[in-house]
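Take a look at the letters that make up each chain.
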Amino acid sequence: GSTAQARDEQYRNFLRSVSLLKNLPEDKLTKIIDCLEVEYYDKGDYIIREGEEGSTFFILAKGKVKVTQSTEGHDQPQLIKTLQKGEYFGEKALISDDVRSANIIAEENDVACLVIDRETFNQTVGTFEELQKYLEGYVANLNRDDEKRHAK
C-alpha cells in the first residue's frame, strides 16, 4: 500500500527530527513506526494528569500543549511551559513506571500525539539497559544544551 508507505515515510522524517530518536538505527526506528498509536485531543483535554501512573511516552506531532504543575503557595497548578510539534513528554515512563509530575493539556483542537508504551518500546528498541544508557547520555547532553541556551 503506497498510502501506508507514504505515511510511514512521513513518520520516519518526523521521528528523525525528534531529538530523542534521531540517532536510533533505522531498523529500530521502523519498529517504532510499526507500533505507534496516534491519539487526538481537543483544547482543554488532559493528555496526562499529574499524580497518575503512566507507562506511555508521547511525541507531539501536531498542535501545542501546555504543561502545568502544582506549586507551593498556589491553589491552581501553574503554567510551566508550552510544548510544540516535535517535542515530547512522558519519557520517564520508558525507564520505569512514572508517576506523572505535571499535567499536559491540549492548547488547541486537533492536537495529535504519537504514543508509544514502555513494553512496546522495550521490545522494539532493545533492552532496558541499552535504552537507559542511551537516555542517560542523551539527558546529560540535554542538560548541557539547556545551559547553553540559558547562557545566551
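Residues numbered from 1 in each chain as written. Predicted model: local features only at pLDDT ≥ 70, side-chain atom pairs only at ≥ 80, totals over all residues. Heavy atoms only, no water.

**A short note on the sheet that holds strand S6 (residues 78-83)**
Taken in spatial order, the 4 strands make up an open sheet running S2-S9-S5-S6, and their pairing is antiparallel. Each edge of the open sheet carries a strand with a single partner, namely strand S2 (46-48) and S6. Between one strand axis and the next, the sheet turns by 30 degrees as a mean value, whatever way the strands run. Summarising the sheet, strand S5 (residues 65-69) and S6 pair through 5 bridges and their orientation is antiparallel. Bridge assignment links Thr 68 to a residue of S6, and that residue is Leu 79. (Pairing = 2+ DSSP bridges. Helix = DSSP H or I, 4+ residues; strand = E, 2+ residues; numbered from the N terminus. Axes fitted to C-alpha atoms, helices over the stretch in contact; angles between N-to-C directions.)

**Some words on the nonpolar core**
Soluble globular proteins tend to bury their nonpolar side chains together. Counting 19 residues, the largest nonpolar core has Leu 15, Leu 21, Ile 32 and Ile 59 as its most contacted members. At the level of secondary structure, the elements contributing two or more residues to this core comprise helix H1 (2-16), helix H2 (26-35), strand S4 (56-62), strand S10 (111-117) and helix H3 (118-125). Val 65, Ile 104, Cys 113 and Val 115 belong to the second largest nonpolar core, which has 15 residues in total. (Core = buried A, V, L, I, M, F, W, Y, C linked by side-chain atoms within 4.5 Å. Buried < 20%, exposed > 50% of the residue type's maximum accessible area, 1.4 Å probe, protein only.)

**Examining the layout of surface pockets**
Of the voids in this model, the second largest pocket is the one considered here, and its volume is about 180 Å³. Along the walls of the second largest pocket sit Gln 10, Tyr 11, Phe 14, Val 38, Tyr 40, Ala 61, Lys 62, Lys 85, Ala 112 and Leu 114, which together make up its complete lining. For the lining of the second largest pocket, the secondary-structure elements that each account for two or more residues are H1, strand S1 (37-41), S4 and S10. With 3 residues, H1 is the largest single contributor of residues to the lining of the second largest pocket. (1 Å grid on protein atoms, 1.4 Å probe; cavity = no way out; pocket = protein on both sides within 12 Å on 5 of 7 lines; lining within 4 Å. Points joined across faces, edges and corners; volume = space filled by probe spheres on them.)

**Some remarks on the packing of H2 against H3**
Packing of H2 against H3 brings their axes to within 9 Å, and their N-to-C directions diverge by 150 degrees. Overall, the two elements H2 and H3 adopt an arrangement that is roughly antiparallel. In this structure, the crossing between H2 and H3 has a hand that is right-handed. Between H2 and H3, the contacting residues are Lys 28, Lys 31, Ile 32 and Cys 35 on the first element and Thr 120, Phe 121, Thr 124 and Val 125 on the second. (Parallel < 35°, antiparallel > 145°, perpendicular 65-115°, else oblique. Left-handed = near helix turned anticlockwise from the far one by under 90°. Contact = heavy atoms within 4.5 Å.)

**So, the confidence of the model for the chain**
Residues of the chain with pLDDT of at least 70 account for 84%, and the chain-wide mean is 85. Taking the mean pLDDT of every element in the chain, the minimum, 64, falls on helix H4 (residues 128-151) and the maximum, 98, on strand S9 (residues 103-106). (pLDDT = per-residue confidence, 0-100.)

**Some thoughts on H1**
For H1, built from 15 residues, the straight-helix expectation of 21 Å at 1.5 Å per residue is met to within 8% by its first-to-last C-alpha distance of 21 Å. Buried within H1 are the following residues: Tyr 11, Arg 12, Phe 14 and Leu 15. Angular distribution of buried residues about the axis of H1 spans 165 degrees; they occupy a single face of the element. Exposed and oriented more than 90 degrees from the buried face of H1 are Ser 2, Gln 5 and Gln 10. Buried positions along H1 lie against H2, S1, S4 and S10. (Expected span 1.5 Å × (residues − 1). Arc of directions from axis to C-beta.)

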